[in-house]
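So the chains spell out like this:
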Amino acid sequence: MDEGFAHAFGLDSALGREGLPLEQVVANVHPDDKPGLATAIKEAVARGGAYAHQYRVRRADGKYYWIEANGRVEHAPDGTPLSFPGVLLDVQERRAVEAERDRVTTELRALTDTLEQRVAERTAELQHAEEQLRRAQKMEAVGQLTGGTAHDFNNLLTGIVGSIELLGMRVEQGRIRDLDRYVLAAMGAAKRASSLTHRLLAFSRRQTLDPKPTDVNRLVSGMEELIRRTMGPSIALEVVAAGGLWATLVDPNQLENALLNLSINARDAMPDGGRLTIETANMWLDPRVARAREMEHGQYVTISVTDTGTGMPPEVVARAFDPFFTTKPLGEGTGLGLSMIYGFAVQSGGQAQIYSEVGLGTTVRLYLPRHIGEAEAAENLPNLSRRLERKWDRPFWWSMTSRRSACWSWRCWRISATQRSRRQMAPRA
């Protein structure tokens, strides 16, 4: 036994010159490590070959230190153990580092578990808050939708009911001339109510479409003169038609309405005049771009309507497709135009996007999926000027209100006169 061995086991090196039994050598081994050490030595002697085992021993200072025994059991040809040479390594520092690593790992794991729990709790709170926000937004949207619908239909019913009342009064008075005026007024209000219903259906993507293979260039060309007259002399119109434009499967009447609505919105955004550009193009969207625009990737025909008007700030662009949202003064817009266009584009398998900068202008772009095949032959395009949504004619309604008041006054005067005549003809007592 050399001095290093004696030091490792806390023994006097002088004792090793005479030899020490194994029991005395392992007497300083930590009690918890003795069974494992005995088993490891027994297995190594029986097995032969390499041996390695770590355990703690008490040294002269009374403290336990980790050591590692590395050796090899040599066997005779008949399997009898001959020798057990080896070395002892001081692994106290390494074990201390490993223990510190294990401690830090345990604390980190506990911290991670706590953090995961906190994240889970916070995520649940956020999900609950988001659900409440969605519920509030849904109720706000429903309230806005029902309120706007009720307001618009109330105005339309006022026209219908007022016209019928006037019609009844004039018939009762025997004044049957110009009755068609009130019939036409009631029919006009009813048609506007029907138009409002179609807009609502378009927004909800429930309207019935009649898609046909359509040549968009031909459709725009057929509307160019109408749009030019609608814009007026202060707005220049430019149509940029792409060569070799693909056909698209779309309802041409609804596309005409959408294009006309976009042109009217552009005109209203340029009160001091400007330029309106209608441009068509072929476009192929790869999966990444299509996903960013909430579309399926593939080939599309695009129609862009660009104005040089006032533009819109981002918060207005974010709500532009909402139903009944409008920045126009009260009575000058229903807030359903863009929502109808959006619903029509999505129902047709495409998308609608808005690009706008304040002071520079706005571009509304419709994406319509490409149709493989030829467009249908050109037909007589309907006269869109007859299909323009009739705006409120305030002088007419004031006139109608005045006529109703006059009719009521005439009726009251007639009843009063009749009652006076009856009193005069009554016998006196």
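Everything discussed here concerns the structure shown above.
Residues numbered from 1 in each chain as written. Predicted model: local features only at pLDDT ≥ 70, side-chain atom pairs only at ≥ 80, totals over all residues. Heavy atoms only, no water.

### A word on the overall build of the protein chain
Scanning the protein chain from N- to C-terminus turns up 12 helices and 11 strands. Residue burial in the protein chain is summarised as follows: out of 429 residues, 33% are buried. In the protein chain, of all internal contacts separated by at least 6 residues, the share reaching a separation of at least 24 is 67%. Of the roughly 26300 Å² that the protein chain leaves accessible, carbon and sulfur atoms contribute 55%. (Helix = DSSP H or I, 4+ residues; strand = E, 2+ residues; numbered from the N terminus. Buried < 20%, exposed > 50% of the residue type's maximum accessible area, 1.4 Å probe, protein only. Contact = heavy atoms within 4.5 Å. Areas by Shrake-Rupley, 256 points an atom, 1.4 Å probe, with all protein chains shown as cover.)

### What about the packing of aromatic side chains?
Scanning all chains against the criterion turns up 2 aromatic pairs. When the ring of Tyr300 is compared with that of Tyr367, the centres are 6.4 Å apart and the planes differ by 85°; the resulting orientation is edge-to-face. With Tyr300 in strand β9 (residues 298-307) and Tyr367 in strand β11 (residues 361-371), this pair connects stretches of sequence that are 67 residues apart. As far as the burial class goes, Tyr300 and Tyr367 line up, both buried. One residue, Arg59, lies across the ring of Tyr65, its end atom 4.4 Å from the ring centre. Taking NZ or CZ as reference, Arg95 lies 3.6 Å from the ring centre of Trp66, over its face. (Phe/Tyr/Trp six-rings, centres within 6.5 Å; stacked < 30°, edge-to-face > 60°. Lys NZ or Arg CZ within 6 Å of the ring centre and 35° of its normal.)

### So, the pairing of strand β7 (residues 247-250)
As defined by bridge partners, strand β5 (residues 212-214) adjoins β7 across 3 bridges and the pair is classed as antiparallel. Note that in β7 the partner of Pro213 across the bridge is Leu249. Of the strand pairs in this sheet, β7 and β11 are connected by 2 bridges, and their pairing is antiparallel. What sits directly across from Thr248, in β11, is Arg370. (Pairing = 2+ DSSP bridges.)

### Concerning the nonpolar core
Formed by 42 residues in total, the largest nonpolar core has its most connected members in Ile227, Leu255, Leu259 and Leu276. Setting aside anything within four residues of it in sequence, one finds Leu259 in contact with Leu219, Val220, Met223, Ile227, Ile278, Ile303 and Val305. Core analysis: the next-biggest nonpolar cluster, separate from the first, contains 11 residues, Val29, Leu37, Tyr51 and Ile67 among them. (Core = buried A, V, L, I, M, F, W, Y, C linked by side-chain atoms within 4.5 Å.)

### Here's the deal with helix α7 (residues 252-268)
For α7, spanning 17 residues, the distance from its first C-alpha to its last is 24 Å, which sits close to the expected 24 Å at 1.5 Å a residue. The buried fraction of α7 is high, at 12 of 17 residues. Among all positions in α7, only Pro252, Gln254, Leu255, Glu256, Ala258, Leu259, Leu260, Asn261, Leu262, Ser263, Ile264 and Ala266 are buried. Where α7 begins, one side-chain oxygen reaches toward the backbone nitrogen of Asn253, 3.1 Å away; that side chain belongs to Asp251. (Expected span 1.5 Å × (residues − 1). Polar contact = N/O pair within 3.5 Å; in protein donor to acceptor, adjacent residues only side chain to side chain.)

### A closer look at unusual backbone geometry
You will see that Glu294, though not glycine, has its phi angle at about 60°, which is positive. Among the structural elements, Glu294 can be located in the loop between α8 (287-292) and β9. For Glu294, a relative accessible area of 63% corresponds to the exposed category.

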